[in-house]
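Listed below, chain by chain, are the residues.
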Amino acid sequence: MVRWPGEEDRLHRLRIEGRPRLLLVETGAAPPLPADELEDWIRVPAQEVDMMARLAGLERRSRENGAVRPEVGEDGVLRMGRNWVSLPPVDHRLATALVERFGAVVSRDALARAGWPEGSPARNALDVHVLRLRRRLDPLGLAIRTVRSRGYALEQAERQHTAEG
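Below is a short write-up of the structure. The structure displayed is predicted, hence computed values, not measured ones. Going along each chain's sequence as written, the residues are numbered from 1 onward. Reporting of local features is limited, given that this is a predicted model, to residues whose pLDDT is at least 70; pairs of side-chain atoms are given and counted only at 80 or more, and all residues count toward the totals for whole chains, interfaces and linings. Each side-chain value is worked out from all heavy atoms of the structure, with water and hydrogens disregarded.

With respect to the overall build of the chain
Link 1 in the chain: From N to C terminus, the chain includes five helices and nine strands.
Link 2 in the chain: In sequence order, the chain lays out its α and β elements as β-α-β-β-α-β-β-β-α-β-α-α-β-β.
Link 3 in the chain: For the chain, the spread of C-alpha atoms along the three principal axes comes to 50 × 50 × 30 Å.
Link 4 in the chain: For the exposure calls, accessible area comes from a 1.4 Å probe over protein chains only, and a residue counts as buried if that area is under 20% of its type's maximum, exposed if over 50%, partly exposed in between. The buried share of the chain, reckoned over its 165 residues, is 36%.
Link 5 in the chain: Taking the intrachain contacts of the chain between residues at least 6 apart in sequence as the baseline, contacts between residues at least 24 apart amount to 39%.
Link 6 in the chain: Only the protein chains shown count as cover for residues, and all accessible areas are computed by the Shrake-Rupley method using a 1.4 Å probe. When the accessible surface of the chain is split by element, carbon and sulfur atoms take 49% of a total near 10,600 Å².
Link 7 in the chain: Neither His nor the chain ends contribute to the count of charged residues, in which Lys and Arg are positive and Asp and Glu negative. Where a charge sits is defined by one atom per residue type, namely NZ (Lys), CZ (Arg), CG (Asp) or CD (Glu). Of the charged side chains in the chain, 27 are positive and 25 negative, and the gap between their average positions amounts to 4 Å. Here a strand is any run of E in DSSP of at least two residues, a helix any run of H or I of at least four, and the numbering for each starts at the N terminus. Throughout, a contact is declared for two residues whenever any of their heavy atoms are within 4.5 Å.

Structure representation (structure tokens):
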């Protein structure tokens with residue numbers, strides 16, 4: 001549980017760690033937009049039964065999403081559980097930006113700044129690198145989703161259902 005807006009720094013850390021968060025919105029404060037499915041809010045003072053129901057919902061969504069989150073090392077390796085893939089420098093910087101906001105949208109501008117910190121990339125360079133990164137991440141069960149007019153989001157890929165299961 002995080003007090004809002006009083007504990008914004010703590011909220012930011014918990015978001016990066018991918019931990020479930022229940023924001024306790026103080027009287028008079030505007031409620032924030034949840035960053036992902038692991039975040040919810042309730043205005044305080046709140047009845048305990050309401051708080052427990054929201055916490056149970058966050059716990060369920062956390063279990064459904066799985067405890068495994070991608071991690072990017074400074075060694076250029078992206079890990080998802082026991083699986084990993086080595087990334088070239090630009091892809092590593094793009095993946096780092098996407099992993100930091102796992103499940104949330106990262107704008108094209110933010111990705112371009114992350115991938116090419118010394119200047120703007122060529123016209124279609126970001127699209128080419130995102131396409132290559134998608135291919136590299138597919139075996140890890142990760143997908144980069146295009147969010148029209150906004151940017152990209154890194155998520156766990158949807159599992160394919162077969163006749164056996």
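Describing helix α5 (residues 125–137)
Link 1 in the chain: For α5, spanning 13 residues, the distance from its first C-alpha to its last is 18 Å, which sits close to the expected 18 Å at 1.5 Å a residue.
Link 2 in the chain: Along its buried surface, α5 packs onto β5 (77–80), β6 (83–86), α3 (89–100), α4 (108–115), β8 (142–147) and β9 (151–156). Here, expected helix span is obtained from the residue count minus one, scaled by 1.5 Å.

Focus on the packing of α3 against α5
Link 1 in the chain: Taken N-terminus to C-terminus, the directions of α3 and α5 make an angle of 80 degrees; their axes are 10 Å apart at the nearest point. Of the possible angle classes, the one that applies to α3 and α5 is roughly perpendicular. Across the interface between the two elements, V90, D91, L94, A95 and L98 of α3 pack against L126, H129, R132, L133 and R136 of α5.
Link 2 in the chain: In terms of residue class, the contact of α3 with α5 is built from six nonpolar, one polar and three charged. In this analysis, axes come from line fits to C-alpha atoms, helices being fitted only over the stretch in contact, and the angle between any two N-to-C directions falls in the range 0 to 180 degrees. When describing relative orientation, an angle under 35 degrees is termed roughly parallel and one over 145 degrees roughly antiparallel, while 65 to 115 degrees is termed roughly perpendicular and anything else oblique. Gly falls in the polar group here, along with every residue not listed as nonpolar (Ala, Val, Leu, Ile, Met, Phe, Trp, Tyr, Cys, Pro) or charged (Asp, Glu, Lys, Arg).

Section: the layout of surface pockets
Link 1 in the chain: Only protein atoms enter the 1 Å grid used here. Points where a 1.4 Å probe fits but cannot escape make up a cavity, open sets with protein on both sides within 12 Å along at least five of seven lines make up a pocket, and a residue lines them when an atom lies within 4 Å of a point. Grid points are joined across faces, edges and corners, and a volume is the space filled by probe spheres set on the points. Estimated volume of the second largest pocket: approximately 160 Å³.
Link 2 in the chain: Here the lining of the second largest pocket takes three residues from helix α1 (residues 8–17), the largest share from any one element.
Link 3 in the chain: Partitioned by chemical class, the residues of the lining of the second largest pocket number four nonpolar, one polar and five charged.

A few points about the pairing of β9
Link 1 in the chain: Where strand β7 (residues 105–107) meets β9, three bridges bridge the pair, whose relative direction is antiparallel. What sits directly across from S107, in β9, is G151.
Link 2 in the chain: From the end of β8 to the start of β9, which pair antiparallel, there are three residues, and S149 there has a positive phi angle of about 65 degrees. We call two strands paired when DSSP finds no fewer than two bridges between them.

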